[in-house]
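# Breakdown of the fold
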Amino acid sequence: MDAVQVVWFKRDLRVADHAPLLAAARRGPVLPLYIVEPGLVRQPDYGPAHWTFVRESLRELRASLAALGQPLLVRVGEATKVLQGLHEAAPFAALWAHEETGLAWSFARDRAVRAWAQSRGIPFTELPQHGVVRGYAARYPSRAAWSARWEERMRGPALAPPAALRPVPDLAHGSLPTHQQLGLPPDDRLERQAGGESAGLALRDAFLGGGAAGYRRGMSSPNTAPDACSRLSPHLAWGTVSLRALVLATKQSGVGSRESREGPLPLLASLPSAASDSLATPYSPDSRLPTHDSPRDLAAFASRLHWHCHFMQKLEDAGRIERESLVAPYDELRAVELGIFVGGLGREERLAAWRAGQTGYPLIDACARALRGTGWLPFRMRALLVSFAAHDLWLPWQTFSDGLARLWLDYEPGIHLCQVQMQSGVTAGDALRLYNPTKQALDHDPAGVFIRRWVPELRRVPLPYLHQPWTMPAEEAANVGWVVGRDYPLPIVDHEAASGAARAAIGLFRRRPDVQAATQAMRDRHSDPRRNAARPDAAAKQRARGQLSLF
Ligand SMILES: Cc1cc2nc3c(=O)[nH]c(=O)nc-3n(C[C@H](O)[C@H](O)[C@H](O)COP(=O)(O)OP(=O)(O)OC[C@H]3O[C@@H](n4cnc5c(N)ncnc54)[C@H](O)[C@@H]3O)c2cc1C
């Protein structure tokens, strides 16, 4: 038997545009492997919905690989032990995987696997799968060139799956454990987004094939966003859809020039020499997609694919943001209670009410419950939920970050941590994201459709009072047999008082010299001098919004 190649699948559960799979297939028989890691599943940010999606995706991946000649092997255990066991059963010559940008746990796991492979003289090649550049912060003093690197990485063509895999016989394929077997609670969401590469590609085709029209207009309201947005996020997070291939398909369907189809494939620059030529097989199922008639919608979508990697790069560069605020002194900010909470609720009680969707603010409660029921919210509603927790309830982001992560079906650590910190105001941006929950409800759910759906105890409340049920006169409430405080909570905090107190406390805190120095240091590190010099107004606006170049 030729030198057997193991391809370790992690957050890249697909066969298309999979450089490690192609490289391995070129060199010998392939053993595709997924390791179900109980240590990972026990992490506080891992939730039952994640396993549902991954399990479905693995089922399809197994079938796709079987059709190519070698089904997926599934093993349960700690990664180095699994690899050792596999090596004893079927000695292999090389190990391939995609780079992963995760938290300390997966970083340590990958380091252990590298050490294991090195100790046995097995080459372990990890290839990038999108725009995140490994070791970028250490090699470059500023992020000025990052966007250019991203564009390079996104050049086409996308990679076709290998034509066939040479099998490795006589190995048990292994079964996929259930939630119960992994010690996970049942996944009790009411609505589920299907996992698997084909579901992801179908969403992509639907969105780029016309579904993007109205994207910008519909992306914020919880009523329109589920259809207006692409819903590709879980597929990008778990890798059933390649972000790079999606960028290419988006360009093909109408954003920017078509130049990239002919260019070199920079992802392959890091491959060992002989592998590159045959890997660059053009793969263009995307040619079915029509040129799009809504280029501004597609341009907005394309920017977000860029942001996806931008935020992941932050975590790649600074693993400390897993537990520490980007501007570290901010971790002291919410150590002091503000004392404005109705009934003097303690931190745990506030957190519990927010999690359960029992704050007395209809849109906040609808969002909390919709997230639990579906695993998804549009960006604006995510931002609102976090801003309310951080500002109105004065909760340190570290107290609710893991709980949210467990619920997002599309949990991507780098994006999640950056967004949670930005919306909590602990990064280097000037802007305070302090939303008024009632105004947001009136703007984005004026007819109360979303609120009534997720907070059924408000269904009897007439529309004029629905967004502020505590204002309904007792007589009118009695007419519909509804009592605030009995059928639905009174607000656990007064938004006006709480946001005023938060604003004042943050203003004062920001005057501290150590906070100013740490903020400035972060701005200097992350600003893009070339871009800011060329477009001073845009840079100032961006800074006010606390956006890309500063964080
Ligand atoms: C507190 C908070 C936590 C978040 N956590 C995550 C997370 O864990 N995983 C995640 O993918 N997104 C996260 N987001 C960003 C955003 O809300 C989701 O990407 C988006 O709602 C997913 O739906 P979609 O795929 O239909 O998005 P679309 O609007 O169709 O966007 C397409 C893709 O672009 C990327 N994208 C969109 N918006 C952003 C953004 N603001 N920052 C970075 N990338 C973006 C995503 O990959 C998304 O799938 C978070 C936002 C907030 C405010």
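Whatever comes next refers back to the structure up there.
The paragraphs below set out a description of the structure included in this document.

### Thoughts on the site of the ligand
- As a matter of local geometry, the ligand sits amid 26 residues, with Tyr215, Ser230, Arg231, His308 and Asp410 nearest to it.
- Contacts to the ligand include Glu412, whose backbone N or O atom sits 3.0 Å from an oxygen atom.
- Separating a nitrogen atom of the ligand from a side-chain N or O atom of Gln419 is a distance of 3.4 Å.
- The fraction of the free accessible surface of the ligand (820 Å²) that becomes covered by protein chains is 98%.
- At the level of secondary structure, the elements contributing two or more residues to the shell around the ligand comprise α11 (233-238), α14 (295-317), α17 (379-392) and α19 (413-424).
- At six residues, α14 tops the list of elements feeding residues into the shell around the ligand.
- Along the lines of polarity and charge, the residues of the shell around the ligand split into 16 nonpolar, five polar and five charged.

### Points about helix α3 (residues 48-68)
- Under the 1.5 Å per step criterion, the end-to-end length of α3 is 30 Å for 21 residues, consistent within 8% with the ideal 30 Å.
- Of the residues flanking the end of α3, it is Gly69, one or two places downstream, whose phi is positive at about 130°.

### Quick look at the nonpolar core
- Among the nonpolar cores identified, the biggest contains 68 residues, and Trp354, Leu377, Leu385, Phe400 and Leu404 are the most heavily contacted of them.
- The element contributing the most residues to this core is α17, with eight residues.
- Beyond its immediate sequence surroundings of up to four residues, Trp354 is in contact with Thr359, Ile364, Ala368, Leu385, Phe388, Ala389, Leu393, Phe400 and Leu404.
- Within the second largest apolar cluster, 36 residues are counted, among which are Leu13, Val36, Leu65 and Leu409.

### Some details on the side chain of Thr240
- Tracing the backbone shows Thr240 in the loop between α11 and α12 (243-252).
- Take Thr240: its relative accessible area is 0%, and that puts it in the buried class.
- In this structure the side chain of Thr240 is engaged in a polar contact, spanning 2.7 Å, whose partner is the side chain of His235.
- Ignoring sequence-local partners within four residues, the contact set of Thr240 consists of Leu13, Arg14, Phe53, Ser57, Gly196, Glu197 and His235.

### Here we look at the pattern of salt bridges
- Under the definition given, this model contains 27 salt bridges.
- Between Asp17 and Arg244 there is a salt bridge; the shortest N-O distance is 2.7 Å. Taken together, the residues span a long stretch of sequence, with Asp17 in the loop between β1 (5-9) and α1 (19-27) and Arg244 in helix α12 at a distance of 227 residues. No difference in accessibility class separates Asp17 from Arg244, as the two residues are buried.
- In this structure, the salt-bridge partner of Glu457 is Arg369, at a minimum N-O distance of 2.8 Å. Here Arg369 lies in helix α16 (residues 362-374) and Glu457 lies in the loop between α21 (449-454) and α22 (463-466), a separation of 88 residues in the sequence.
- On the basis of relative accessible area, Arg369 is assigned to the buried category, the value being 16%.
- Within this structure, Lys10, Glu37, Glu100, Arg109 and Asp110 form a network of salt bridges that share partners.

### Focus on the pairing of strand β4 (residues 94-98)
- The buried fraction of β4 is high, at five of five residues.
- The alternating pattern of β4 places Ala94, Trp96 and His98 on one face and Leu95 and Ala97 on the opposite face, and all of these are buried.
- Both β4 and strand β5 (residues 124-127) contribute to a ladder of four bridges, which runs parallel. Bridge pairing in β5 links Ala97 to Glu126.

### A short note on the packing of α16 against α17
- At their nearest, the axes of α16 and α17 sit 10 Å apart, and the two run at 115° to each other. Here α17 runs roughly perpendicular to α16, going by the angle between their axes. Regarding α16 and α17, the two cross each other, and that crossing is left-handed. Residues Leu363, Ile364, Cys367, Ala368 and Leu371 of α16 lie in contact with α17, whose contacting residues are Met381, Leu384, Leu385 and Phe388.
- Taken together, the residues that form the contact of α16 with α17 break down as nine nonpolar, no polar and no charged.

### Structural notes on the packing of aromatic side chains
- If you walk through the whole model with that rule in mind, you get nine aromatic pairs.
- The interplanar angle of 40° and the centroid separation of 6.1 Å between the aromatic rings of Phe92 and Trp116 together place this pair among those described as tilted. Residue Phe92 is found in the loop between α4 (79-89) and β4, and its partner Trp116 is found in helix α5 (residues 104-119); the two are separated by 24 residues along the sequence. There is no split in this pair, since Phe92 and Trp116 are both buried.
- Note on Tyr330 and Phe509: the rings are 5.3 Å apart at their centroids and 40° apart in plane angle, and the pair reads as tilted. Separated by 179 residues along the polypeptide, Tyr330 in the loop between α14 and α15 (347-356) and Phe509 in helix α24 (residues 495-510) bring together distant segments of the chain. The residues Tyr330 and Phe509 share a single accessibility class, namely buried.
- Chaining the aromatic ring pairs together yields one cluster made of Phe207, Tyr215 and Phe301.
- The lysine or arginine in question, Lys10, covers the ring of Trp8, its NZ or CZ lying 4.4 Å from the ring centre.
- Positioned above the aromatic ring of Trp408, the side-chain terminus of Arg382 is 4.2 Å from the ring centre.

### Comments concerning the sheet that holds strand β2 (residues 30-36)
- In spatial order, the strands read β3-β2-β1-β4-β5; together these five strands make up an open sheet with parallel pairing. The open sheet has two edge strands with one neighbour each: β3 (73-76) and β5. Ignoring strand direction, the axes of neighbouring strands in this sheet form an average angle of 25°.
- Here β1 runs beside β2; their pairing, made up of five bridges, is parallel. Bridged to Gln5 within β2 is Val30.

Parameters and conventions
- Residues numbered from 1 in each chain as written.
- Predicted model: local features only at pLDDT ≥ 70, side-chain atom pairs only at ≥ 80, totals over all residues.
- Heavy atoms only, no water.
- Near = heavy atom within 4 Å.
- Polar contact = N/O pair within 3.5 Å; in protein donor to acceptor, adjacent residues only side chain to side chain.
- Areas by Shrake-Rupley, 256 points an atom, 1.4 Å probe, with all protein chains shown as cover.
- Helix = DSSP H or I, 4+ residues; strand = E, 2+ residues; numbered from the N terminus.
- Nonpolar A, V, L, I, M, F, W, Y, C, P; charged D, E, K, R; others polar.
- Expected span 1.5 Å × (residues − 1).
- Core = buried A, V, L, I, M, F, W, Y, C linked by side-chain atoms within 4.5 Å.
- Buried < 20%, exposed > 50% of the residue type's maximum accessible area, 1.4 Å probe, protein only.
- Contact = heavy atoms within 4.5 Å.
- Salt bridge = Lys/Arg side-chain N within 4 Å of Asp/Glu carboxyl O.
- Pairing = 2+ DSSP bridges.
- Axes fitted to C-alpha atoms, helices over the stretch in contact; angles between N-to-C directions.
- Parallel < 35°, antiparallel > 145°, perpendicular 65-115°, else oblique.
- Left-handed = near helix turned anticlockwise from the far one by under 90°.
- Phe/Tyr/Trp six-rings, centres within 6.5 Å; stacked < 30°, edge-to-face > 60°.
- Lys NZ or Arg CZ within 6 Å of the ring centre and 35° of its normal.

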